[in-house]
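# Reading the structure
Residue strings, one per chain:
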Amino acid sequence: MLAVAWPGPITVSRPELEKKPIFGYKMSVIQYKVAIRSRDHRGAGERLNMKITDQEVILNGTAGSIKIQRMPDGFPRIEADEQIDLHYGLGYLHGHDRQMQMWLTKIVGQGKASEFLKADSELIELDKFMRWINLGGNAADEVQQLSDEANQIFQTYCRGANDAVAASKLPLEFRLIGYKPDRWTPEDIILMIKMIGFVGLAQSQGDAEKVIMQIIRNDVDPLRLKELLPYIKEDIPEDLIEIIKQVKIVRPIIPAAIKWLGRLAGFSASNNWAISPAKTASGKAMLCGDPHLAMQLPSIWYSTLMISQDHYMMGATVPGVPSIVLGRCPNLAWAATYGTMDMIDYFIEEVRDQKYRRGDKWLPFKVSEQVIRPKKKEPVVIKIYENEHGLLEGEPDEDGYYLCFAWTGGPGTAAESANNLVKVPHAKNAAEALNYFASLPFAPFSWVTADTSGNIGYQLSGLYPHRAEGTSGLLPKLGWDENQDWQGVISPAKYPRALNPEQGFIVTANQDLNHLGQVAPMTLPMSRYRADRIAELLDNGISFTAKDMKKIQYDLYSKQAEAFMEIITPLLPASENGDILKNWDRKYDRKSLGATLFERIYRELLILVFGENGMGADVVRYMIDESGTFAMLHGNFDQILLKEESAWFADLSRDEIYRKAIGRGLSKPAVPYGQTREIYIQNIFFGGKLPKIFGFDYGPYEHIGSRATIPQSQIFKLMGRPATFAASYRMIADLSQNELLNNLPGGASDRRFSKYYKTGLAAWMSAHYHVYRP
């Protein structure tokens, strides 16, 4: 869930002949190899390079001994007499295998990238952004709010991580930049939890709401805007439109520096589902999950099996956090997807003489200073302005209208979430687990669970603000009008929830599930295509097995293509490409010519309707190719394209628009779909900047699937940097067996020259699952 992409300024065509700067250092290939082989000599008495390989290793924990054995996929099996020592073992393995990933994420989260990594303008801007959002600012206070159980787990985990770092060689990447990790602390875990809740979740919602403001500023009228975004229920008065046009957008719609957060992704998109015993071959419930996140090396996830006497926990963890995030224990299994709850708002503040307006009064901001110390450069001092709504974007040096960012994921939410998350593996049944999930305010997740008694359930987590009646939360509010202020937060008892539904299964795929609650917190849900395809397969079958679940997780049929082809097929010309598309099976396999042709037509439809008839063709191309906005909101665009009539069609009929798009889309010869989807899985530190011969990246490989297939496969750029969505982890749990089937695209280690760096990729691509058994 957390990782970071870091820019190495390397452009080497002949590495054997040229010297180019790597993070400010000039190195030839020979010097580079020397750096690889060099050792990090530490203080006397400290253990050096204690490797955990294929052999069993015994560690001394806090309460007894811990046995560690790597499983066939390279990930660890951790056994201890006392459960608390499992967390020591997990911390040790995270520190041993993912030291670079953990501390790189910490550096970025603390706003110290320019201090420790590279002092260029983009990383200074990134540091400004992270200091502004200040995710770890109250971490020490939150540690004091931890329960005794959570605090003990945090402390034990950190001890394990720090012991591993003391016993290991310094990673190559840190030797190159001259960085030595400090200690991992409970405050760092709080920071990681906050980053999970913000990056890719609250941040994505905020970016989308800024896009809405930009659409208004580009003179798209309210009629078309509300047709595109039907969750906007309120009127959009002319005076609000004029104020939005006058707002000083101090921070761009998507700040350039945010590209280095591109792989600090949260659950941007995912699938999970649970099946009741009546529909399974085993007569027990089943649960499946596959979060769709950025592709990277090392993987975002770190899978593990932990056993203590008669209790076990197995599944996916996040390096830096002492908990199974997705997985199973003796009584139940659970998985999460992004729940699209709207936890943020923008308030427009009218500012005069660096004061903000409240009614007829002008009040002072709370102002704090942050000092950024870029490597070998003068310190940079920034001022952060704050009021009761939240954080002001920028410094109000001029009078006018400014945006203020409000987010419910503030002080206390990480500690409360940790206190409940550590209880999940000990829940006796699904109903108890749902209560714990409802008490995770740090992030909007759709949790699905199943237990050994046959119960299945769903719960939305997060912290939903109580907005003024009749407002959607998608439009900015007027900060000086107290009637538009939040009135606290809404009780999780009103959030969407389900237990043992009549249809015998529960599916979440980032779609609208507001009907399951007493409030409607999902304001920008994704399309229903993946959810509908999963539900279709589950509804039409019985006696499901794990083998059936594997087929579903790798299914390449597109419900989006099915819907569009009903309109396209009667309009196809009698031509070679027309015949290819007419006979297409709606599947996105690598050899498909029809998938390529359909994607060309679909792209032309978007440009015609929303570009040439709306926001401008270049704007739409940018939205599709250079940002994640379209990847998340394609369903909003599709519901217009599938209508017979729309305000976006201008003076053209739907058939006229489709015929024009078909003509453009079929104008070139078809090529196999896989040829259009070749990408590299990049190392998170070097970000694709090193020559491929060094082996830090993997590929090229064919990124098969589409935005609407169950294994979602999206490719776009984030500020010029390749970005992807894909199934970053797959899990299948049949509750009749004490086992978990799983795979992920990568190995246990973040060290390029470890044999555990790329293990798992072949299994992930070939639909092979590793079986974990206690």
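Please read all numbers here as calculations on a predicted model, not as lab measurements. (Residues numbered from 1 in each chain as written. Predicted model: local features only at pLDDT ≥ 70, side-chain atom pairs only at ≥ 80, totals over all residues. Heavy atoms only, no water.)

Scanning the chain from N- to C-terminus turns up 22 helices and 30 strands. Computed over C-alpha atoms, the radius of gyration of the chain comes to 26 Å, within 12% of the 28 Å expected from 2.2 N^0.38 for 774 residues, which places it in the range of a compact globule. The principal-axis extent of the C-alpha atoms belonging to the chain is close to 80 × 70 × 65 Å. In the chain, buried positions account for 63% of the 774 residues. (Helix = DSSP H or I, 4+ residues; strand = E, 2+ residues; numbered from the N terminus. Rg over C-alpha atoms; globule rule 2.2 N^0.38 Å. Buried < 20%, exposed > 50% of the residue type's maximum accessible area, 1.4 Å probe, protein only.)

Bringing helix α12 (residues 413-421) into the picture now. The buried fraction of α12 is high, at eight of nine residues. Looking only at α12, the buried set comprises T413, A414, A415, S417, A418, N419, N420 and L421.

Quick look at unusual backbone geometry now. P298 follows L297 through a cis peptide bond whose omega is -5°. Tracing the backbone shows P298 in the loop between β7 (286-293) and β8 (302-308). The omega torsion of the bond from G699 to P700 falls at 0°, within 30 degrees of zero and hence cis. Phi angles above zero are rare outside glycine, and S543 is one such case at about 50°. In this fold, S543 is placed in the loop between α14 (529-539) and α15 (546-553).

Looking at the secondary structure, you find A281 in the loop between β6 (269-275) and β7. On a C-alpha basis, the gap between A281 and D141 in space is 50 Å, while along the polypeptide they are 140 residues apart. Once you skip the residues sitting within four places of it in the chain, A281 turns out to touch S543, F544 and T545. (Contact = heavy atoms within 4.5 Å.)

It is worth spelling out the packing of aromatic side chains at this point. A full pass over the atoms with the stated rule returns 34 aromatic pairs. Members of the aromatic cluster, joined through ring pairs, are F564, W584, Y588, F598, Y602, F610, F630, F637, W648 and Y673. The ring of Y756 has R70 lying over it, and the distance from NZ or CZ to the ring centre is 4.3 Å. A cation over a ring is seen here: K692 above Y680, with NZ or CZ 4.4 Å from the ring centre. (Phe/Tyr/Trp six-rings, centres within 6.5 Å; stacked < 30°, edge-to-face > 60°. Lys NZ or Arg CZ within 6 Å of the ring centre and 35° of its normal.)

Another point: the confidence of the model for the chain. For the chain, the mean per-residue pLDDT works out to 90, and 91% of the residues sit at or above 70. Residue range residues 254-260 is modelled with pLDDT below 50. Its contacts to residues more than four positions away, or to other chains, number 22 contacts. Contacts from residues 262-266, a stretch scored under 50 in pLDDT, to residues over four places away or in other chains number 29 contacts. (pLDDT = per-residue confidence, 0-100.)

One side chain can pair with another of opposite charge once the charged atoms of both are near each other. Per the stated rule, a full pass over the model turns up 35 salt bridges. As a salt-bridge pair, K643 and E227 come within 3.0 Å of each other at their nearest N and O atoms. Residue K643 is found in the loop between α20 (629-641) and α21 (654-665), and its partner E227 is found in helix α10 (residues 222-228); the two are separated by 416 residues along the sequence. The closest approach of N and O atoms between R533 and D555, which form a salt bridge, is 2.9 Å. Linking R533 in helix α14 with D555 in the loop between α15 and α16 (559-568), this pair joins segments that are 22 residues apart in sequence. D555 shares its class with R533; the two are buried. Ionic contacts of the salt-bridge type, sharing partners, join the residues R533, E536, D555, K559 and E562 into one network. (Salt bridge = Lys/Arg side-chain N within 4 Å of Asp/Glu carboxyl O.)

Let us now look at the packing of helix α2 (residues 83-97) against helix α7 (residues 148-166). Close contact between α2 and α7 brings their axes to 7 Å; oriented N to C, the two are set at 35°. For α2 against α7, the interelement crossing comes out right-handed. Between α2 and α7, the residues in contact are I84, H87, Y88, L90, G91, Y92, H94, G95 and H96 and Q152, I153, T156, Y157, R159, G160, A161, D163, A164 and V165, respectively. A per-class count over the contact of α2 with α7 returns nine nonpolar, eight polar and two charged. (Axes fitted to C-alpha atoms, helices over the stretch in contact; angles between N-to-C directions. Left-handed = near helix turned anticlockwise from the far one by under 90°. Nonpolar A, V, L, I, M, F, W, Y, C, P; charged D, E, K, R; others polar.)

In terms of nonpolar packing, the biggest core is built from 245 residues, with W301, L538, M549, I568, L581, F598 and F610 touching the most fellow members. It is helix α9 (residues 186-217) that contributes the most residues to this core, 17 residues altogether. Leave out the neighbours within four places in its chain, and I568 touches L581, F598, I601, Y658 and I662. Judged by nonpolar contacts, the second largest core, of nine residues, contains F347, V351, Y356 and C404. (Core = buried A, V, L, I, M, F, W, Y, C linked by side-chain atoms within 4.5 Å.)

It is worth spelling out the sheet that holds strand β11 (residues 332-338) at this point. The 10 strands lie next to each other as β3-β4-β5-β8-β9-β10-β11-β19-β20-β22, forming an open sheet whose pairing is mixed. The outermost strands of the open sheet, each flanked by one partner alone, are β3 (57-60) and β22 (497-499). Going across the sheet, the axis of each strand differs from the next one's by a mean of 25°, ignoring polarity. By the bridge criterion, five bridges tie strand β4 (residues 65-70) to strand β5 (residues 76-80) in an arrangement that is antiparallel. Looking at β5, one finds that I68 is bridged to I78. (Pairing = 2+ DSSP bridges.)

With respect to the helices and strands, the residue D127 is situated in helix α5 (residues 121-133). For D127, the side chain forms a polar contact with the main-chain nitrogen of K112, separated by 3.3 Å. Leaving out residues up to four positions away in the same chain, D127 has contacts with G111, K112, A113, S114, E115 and I372. (Polar contact = N/O pair within 3.5 Å; in protein donor to acceptor, adjacent residues only side chain to side chain.)

Two elements in contact, α9 and helix α11 (residues 238-246), have axes separated by 9 Å at closest approach and are oriented at 105°. The pairing of α9 with α11 is recorded here as roughly perpendicular in orientation. Side by side, α9 and α11 meet where M213, I216 and R217 of the first sit next to I241, I244 and K245 of the second. Of the residues assigned to the contact of α9 with α11, the class counts are four nonpolar, no polar and two charged. (Parallel < 35°, antiparallel > 145°, perpendicular 65-115°, else oblique.)

Moving on, we get to the environment of W273. One can find W273 in strand β6. Those residues in contact with W273 that lie beyond four places of it in its chain are M286, L287, C288, D290, V448, I506, V507, I534, L538, M549, I552 and Q553.

A few words on the environment of E536. Inspection of the secondary structure assignment puts E536 in helix α14. On the basis of relative accessibility, which here comes to 25%, the residue E536 falls in the partly exposed class. A distance of 3.1 Å separates a polar atom in the side chain of E536 from a polar atom in the side chain of K559.

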